[in-house]
Amino acid sequence: MFLGLEWYWWLVILAVLAISVPCKVKFMKWWARQEKSKKKEQRGKWGDEE
């Protein structure tokens, strides 16, 4: 097979990618919200100083 891997290993790799990509997108959105809330909280705490 391609690159010396059997067909079932390609299915395993595709399954892992299919699961990990949406999880990464969800994590990145969550991380952006956390950073935004931290920045907003800090700004209010220090009187709009940057």
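Heads up: these notes are all about the structure in this document. This structure is a prediction, so every number in the text was calculated from the model and none was measured.

**Here we look at a nonpolar patch on the surface**
Link 1 in the chain: A cluster of nonpolar residues, Trp-7, Tyr-8, Trp-9, Leu-11, Val-12, Ile-13, Leu-14, Val-16, Leu-17, Val-21 and Val-25, forms a patch on the protein surface that exposes about 1,100 Å² of accessible area.
Link 2 in the chain: Secondary-structure assignment places Val-16 in helix H1 (residues 7-45).

**As for the packing of aromatic side chains**
Link 1 in the chain: Inspection of every chain in the model, using the stated rule, returns 5 aromatic pairs.
Link 2 in the chain: On the numbers, 5.8 Å between centres and 80 degrees between planes, the contact of Trp-7 with Tyr-8 is edge-to-face.
Link 3 in the chain: For Trp-7, a relative accessible area of 51% puts it in the exposed group.
Link 4 in the chain: We classify Tyr-8 as partly exposed; its relative accessible area is 40%.
Link 5 in the chain: Geometrically, the ring pair formed by Phe-27 and Trp-30 is tilted, given 5.8 Å between the ring centres and 35 degrees between the ring planes. Of this pair, Phe-27 and Trp-30 are both found in helix H1, 3 residues apart, which corresponds to roughly one turn of the helix.
Link 6 in the chain: The class for Trp-30 is partly exposed, based on a relative accessible area of 38%.

Conventions we followed
- Residues numbered from 1 in each chain as written.
- Predicted model: local features only at pLDDT ≥ 70, side-chain atom pairs only at ≥ 80, totals over all residues.
- Heavy atoms only, no water.
- Patch = residues over 30% accessible without salt bridge, like charges linked within 9 Å, V, L, I, M, F, W, Y side chains within 5 Å.
- Areas by Shrake-Rupley, 256 points an atom, 1.4 Å probe, with all protein chains shown as cover.
- Salt bridge = Lys/Arg side-chain N within 4 Å of Asp/Glu carboxyl O.
- Helix = DSSP H or I, 4+ residues; strand = E, 2+ residues; numbered from the N terminus.
- Phe/Tyr/Trp six-rings, centres within 6.5 Å; stacked < 30°, edge-to-face > 60°.
- Buried < 20%, exposed > 50% of the residue type's maximum accessible area, 1.4 Å probe, protein only.

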